[in-house]
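In case you want the letters, here they are:
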Amino acid sequence: MSRPYSAALPITYFVLRVLIVLNWLMAAVILTLLFALPNEQWIMSAFHLTPSPDAERLVMGLRAVAMLGLAVIPLNYVVLKRLLAIVETVRAGDPFVAANASRLQAIAWSLLALQLLSVVIGAIAKGVSTPAHPVDIDAGFSINGWLAVLLTFLLARVFAEGTVMREDVAGTV
């Protein structure tokens, strides 16, 4: 039974390829911000800070967030590459394979790590933020993010069970 061709697959494939490139560009931006561009004076002038213990704590916190941002890059890459491989199996007409169950499992673990990093980044931002210089970073606990983690683990299990069931049916026919 063949399925009608869907325009969503080529679009999804293209978007995932673009996101992979953007992920690597983000790595270059973070590396530039960490090592090439700023020194402490540059950061302090960019944030209009005067030398003080609060300013030093803020600069150290921002550097820590940037370092953790580097850890996000390979995790995003794992998610994007696995999604791209899943899209390829869908395009080929055979998505319910054991490899996709493994890919979804890897995606789930990466999403879990990303959620944990988000909580840590949010805590750092909150810890270094002051009334005079608030640090507003979109990080921290996200119920939607945690639900996505659970859903992805569940979906990986469904794919694994579906693959086994499919092999059983193929063996009995």
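The shown structure was predicted, so the numbers you read here are calculated from the model rather than taken from an experiment. (Residues numbered from 1 in each chain as written. Predicted model: local features only at pLDDT ≥ 70, side-chain atom pairs only at ≥ 80, totals over all residues. Heavy atoms only, no water.)

K.L.:
Looking at this structure, how should I read the nonpolar core?
P.N.:
Side chains of nonpolar character tend, in soluble globular proteins, to be buried together. Core analysis: the largest hydrophobic core is formed by nine residues, namely Ile43, Met44, Leu49, Ala55, Leu58, Val59, Ala125, Val128 and Val135. Elements supplying a minimum of two residues to this core: helix H2 (40–46), helix H3 (53–91) and helix H4 (98–128). Among the elements that make up this core, the one with the highest residue count is H3 (three residues). Sequence-distant contacts of Met44, that is, excluding residues within four places in its chain, are made with Leu49, Thr50, Pro51, Ala55 and Val59. In this structure, Val79, Ala101, Leu104 and Phe159 belong to the second largest nonpolar core, which totals seven residues. (Core = buried A, V, L, I, M, F, W, Y, C linked by side-chain atoms within 4.5 Å. Buried < 20%, exposed > 50% of the residue type's maximum accessible area, 1.4 Å probe, protein only. Helix = DSSP H or I, 4+ residues; strand = E, 2+ residues; numbered from the N terminus. Contact = heavy atoms within 4.5 Å.)

K.L.:
Would you mind going over the pattern of salt bridges with me for this structure?
P.N.:
Taken as a whole and assessed by the stated rule, the structure comprises three salt bridges. In this structure, Glu88 and Arg91 form a salt bridge, with 3.5 Å as the shortest nitrogen-oxygen distance. In this pair, Glu88 and Arg91 both sit in helix H3, three residues apart, roughly one turn of the helix. For Glu88, a relative accessible area of 35% corresponds to the partly exposed category. (Salt bridge = Lys/Arg side-chain N within 4 Å of Asp/Glu carboxyl O.)

K.L.:
Whenever I open this one, the environment of Ser110 confuses me. Can you help?
P.N.:
Checked against the element boundaries, Ser110 lands in helix H4. Relative accessible area serves as the criterion here: at 6%, Ser110 is assigned to the buried category. Ignoring anything within four residues of it in the chain, the contact list for Ser110 reads Leu75, Val78 and Val79.

K.L.:
Looking at this model, I keep getting lost on the packing of aromatic side chains. Mind explaining?
P.N.:
In this description, an aromatic ring pair is defined by two values, namely the gap between the centres and the angle between the planes. Scanning the model with the defined rule gives four aromatic pairs in all. Plain terms: the ring middles of Trp109 and Phe153 are 5.0 Å apart, the flat faces sit at 85° to each other, and that makes the pair edge-to-face. Taken as a pair, Trp109 in helix H4 and Phe153 in helix H5 (residues 143–172) lie far apart in primary sequence, 44 residues in all. Given a relative accessible area of 21%, Phe153 falls into the partly exposed group. Directly above the ring of Tyr13 sits Arg91, whose terminal nitrogen or CZ lies 4.7 Å from the centroid. (Phe/Tyr/Trp six-rings, centres within 6.5 Å; stacked < 30°, edge-to-face > 60°. Lys NZ or Arg CZ within 6 Å of the ring centre and 35° of its normal.)

K.L.:
So what exactly am I meant to see when it comes to helix H1 (residues 8–36) here?
P.N.:
Structurally, the α-helix is built with 3.6 residues per turn, so residues lying three or four positions apart point the same way. The end-to-end C-alpha distance of H1, which contains 29 residues, comes to 40 Å, matching closely the 42 Å that a straight helix rising 1.5 Å per residue would cover. The complete set of buried residues in H1 reads Leu16, Ile20, Asn23, Ala27, Ile30 and Leu34. Next to the buried residues of H1 lie H3. (Expected span 1.5 Å × (residues − 1).)

K.L.:
I'm lost on the layout of surface pockets in this one. Help?
P.N.:
Gaps between atoms show up when a probe of the same size as a water molecule is rolled over them. Approximately 530 Å³ is the volume attributed to the largest pocket. Lining the largest pocket are 22 residues, and of these Ile30, Leu33, Leu62, Val65 and Ala66 sit closest to its centre. Elements with a minimum of two residues in the lining of the largest pocket: H1, H2 and H3. If one sorts the elements of the lining of the largest pocket by residue count, H3 sits on top with nine residues. By residue class, the composition of the lining of the largest pocket is 18 nonpolar, three polar and one charged. (1 Å grid on protein atoms, 1.4 Å probe; cavity = no way out; pocket = protein on both sides within 12 Å on 5 of 7 lines; lining within 4 Å. Points joined across faces, edges and corners; volume = space filled by probe spheres on them. Nonpolar A, V, L, I, M, F, W, Y, C, P; charged D, E, K, R; others polar.)

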